[in-house]
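Chains, contacts and geometry: an overview
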Amino acid sequence: AWLLGALVIGAACFVQGLAGFGIGLVSLAFLPYLMSPAHAIVLITLYAAVFTVIIFIPLRRDFVLRGMIELTIGTVLATPFGIWVLAVLSPDALTRLIGLVLLLIVALEWFGLYPQGLSGRGWGFGAGGVAGLLGGAIGTPGPAVILYAAAQDWSPRTVKANIPASLIVNQTVIAIGYWWAGLLDRDVWRLSTLYAVPAVAGLAAGMVLFNRLDRARFRRVVFAVLFLSGLVLLLRG
């Protein structure tokens, strides 16, 4: 069981290091088979809160503030509602819904229907709100932020800098909410120590490989991750 968990977490952290997101999208499609869904969500949130900071630091000079204030405000306001949803909505129903949304997003991209530009404060507030809801409810705040970032005229390095910058706030607020709700128990801290080595190794490998990707390949990687994660989430439930 540990080897399977290490493989899943290592792969998820590799994607996180490569693309600046994806730890929850990848890991939460498989970890609930190996541990309770609640423990999996809280565990990955802890890793994400730390790793987003690590990813952001070397890219901080590529960070741009435009559009990020609205994104941050939206996620902070909506995160408590996401934590509430986690307590009242069926995890299976929510997981399948997220999987379906991800597949629709990928279909828009692959068929050339994805919007090339989303300007205006409303899109930032909306994306931040959805990120807060999804992050609090099931530990996957990334999709809304990714879509918003992909529709801006940002370079791959700016995309990779801005996504973690937003998720730093998102994951920190969520972690505080989980602590307040009593979800940061002894088992979660034990699991975080148990899988620390494969998590760090995967993250480091992804960060090294990122420097070898051009913009087109980077975008293909982003949507390939979304497709695989969405398919697994939809089928697994």
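Our subject in this report is the structure included herewith.

Bringing the overall build of the protein into the picture now. If you tally the helices and strands in the protein, you get 11 helices and zero strands. When the helices and strands of the protein are listed from N to C terminus, the series reads α-α-α-α-α-α-α-α-α-α-α. The globule rule puts the C-alpha radius of gyration for 237 residues at 18 Å, and the 16 Å found for the protein is close to it. In terms of principal-axis extent, the alpha carbons of the protein reach across some 45 × 35 × 35 Å. Burial status across the protein gives 53% buried among its 237 residues. In the protein, the share of contacts with a sequence separation of at least 24, taken over all contacts with a separation of at least 6, comes to 85%. Summing over all exposed atoms, the protein offers an accessible surface of approximately 11,000 Å²; the carbon and sulfur share of this is 72%. The centroid of the 15 positive side-chain charges in the protein is displaced by 6 Å from the centroid of its 8 negative side-chain charges.

As a further point, take helix 4 (residues 68-88). Here helix 4 is 21 residues long and its end C-alpha atoms lie 30 Å apart, about the 30 Å a rise of 1.5 Å per residue gives. Taken as a whole, helix 4 carries its principal kink of about 35° at Ala78; the proline Pro80 stands between one and four residues after it. Looking only at helix 4, the buried set comprises Met68, Glu70, Leu71, Gly74, Thr75, Ala78, Thr79, Gly82, Ile83 and Val85.

Assignment of secondary structure puts Val159 in helix 8 (residues 156-180). Measuring from C-alpha to C-alpha, the distance between Val159 and Val145 comes to 9.9 Å, with 14 residues separating the pair along the chain.

Attention now goes to the packing of aromatic side chains. This structure, assessed with the given rule, holds three aromatic pairs. For the pair Tyr47 and Phe51, a centre-to-centre distance of 5.7 Å together with 0° between the ring planes defines the contact as stacked. Placement of both Tyr47 and Phe51 in helix 3 (residues 37-56) is noted, with a separation of four residues, approximately one turn of the helix. In terms of burial, Tyr47 and Phe51 fall into one category: buried. When the centroid spacing of 5.8 Å and the interplanar angle of 80° are considered together, the rings of Phe56 and Phe63 count as edge-to-face.

A general trend in soluble globular proteins is that nonpolar side chains are found buried together. Core analysis: the biggest nonpolar cluster contains 61 residues, and Ile9, Phe21, Ile23, Tyr47, Ile163, Tyr195 and Leu226 have the highest contact counts within it. Setting aside chain neighbours within four positions, we find Leu226 in contact with Leu25, Leu102, Ile105, Val106 and Ile146.

Glancing now at the packing of helix 3 against helix 9 (residues 186-194). Packing of helix 3 against helix 9 leaves a shortest axis separation of 10 Å and a crossing angle of 55°. Overall, the two elements helix 3 and helix 9 adopt an arrangement that is oblique. With respect to the hand of their crossing, helix 3 and helix 9 are arranged in right-handed fashion. The segment helix 3 lies against helix 9, with His39, Val42, Leu43, Leu46 and Tyr47 engaging Asp187, Val188, Trp189, Leu191 and Ser192. Across the contact of helix 3 with helix 9, the residue classes break down as seven nonpolar, two polar and one charged.

Turning to the packing of helix 3 against helix 8, a few remarks are in order. The N-to-C vectors of helix 3 and helix 8 enclose an angle of 145°; their axes lie 8 Å apart at closest approach. As for the relative orientation of helix 3 and helix 8, their crossing is left-handed in sense. On helix 8, the residues that touch Ile41, Val42, Thr45, Ala48, Ala49, Thr52, Val53, Ile55 and Phe56 of helix 3 are Lys160, Ala161, Pro164, Ala165, Leu167, Ile168, Gln171, Ile174, Ala175 and Tyr178. Tallied by class, residues from the contact of helix 3 with helix 8 come to 15 nonpolar, three polar and one charged.

Let us look at the side chain of Ser27. By the element assignment, Ser27 lies in helix 2 (residues 23-27). When sequence neighbours within four positions are dropped, the list of residues in contact with Ser27 reads Val8, Ala12, Pro32 and Ile44.

Summarising the element assignment, Ala137 is placed in helix 6 (residues 121-138). Residues Ala137 and Pro80, spaced 57 residues apart in sequence, show a C-alpha to C-alpha distance of 9.1 Å.

For Thr52, the location among the structural elements is in helix 3. Only 3.3 Å separates the side chain of Thr52 from the backbone oxygen of Ala49, close enough to count as a polar contact. What Thr52 contacts, discounting residues up to four positions off in sequence, is Gln16, Pro164, Leu167 and Ile168.

Quick notes on the rules
Residues numbered from 1 in each chain as written. Predicted model: local features only at pLDDT ≥ 70, side-chain atom pairs only at ≥ 80, totals over all residues. Heavy atoms only, no water. Helix = DSSP H or I, 4+ residues; strand = E, 2+ residues; numbered from the N terminus. Rg over C-alpha atoms; globule rule 2.2 N^0.38 Å. Buried < 20%, exposed > 50% of the residue type's maximum accessible area, 1.4 Å probe, protein only. Contact = heavy atoms within 4.5 Å. Areas by Shrake-Rupley, 256 points an atom, 1.4 Å probe, with all protein chains shown as cover. Lys, Arg positive; Asp, Glu negative; His and termini not counted. Charge placed at Lys NZ, Arg CZ, Asp CG, Glu CD. Expected span 1.5 Å × (residues − 1). Bend = angle between axes of the 7 residues up to and from the residue. Phe/Tyr/Trp six-rings, centres within 6.5 Å; stacked < 30°, edge-to-face > 60°. Core = buried A, V, L, I, M, F, W, Y, C linked by side-chain atoms within 4.5 Å. Axes fitted to C-alpha atoms, helices over the stretch in contact; angles between N-to-C directions. Parallel < 35°, antiparallel > 145°, perpendicular 65-115°, else oblique. Left-handed = near helix turned anticlockwise from the far one by under 90°. Nonpolar A, V, L, I, M, F, W, Y, C, P; charged D, E, K, R; others polar. Polar contact = N/O pair within 3.5 Å; in protein donor to acceptor, adjacent residues only side chain to side chain.

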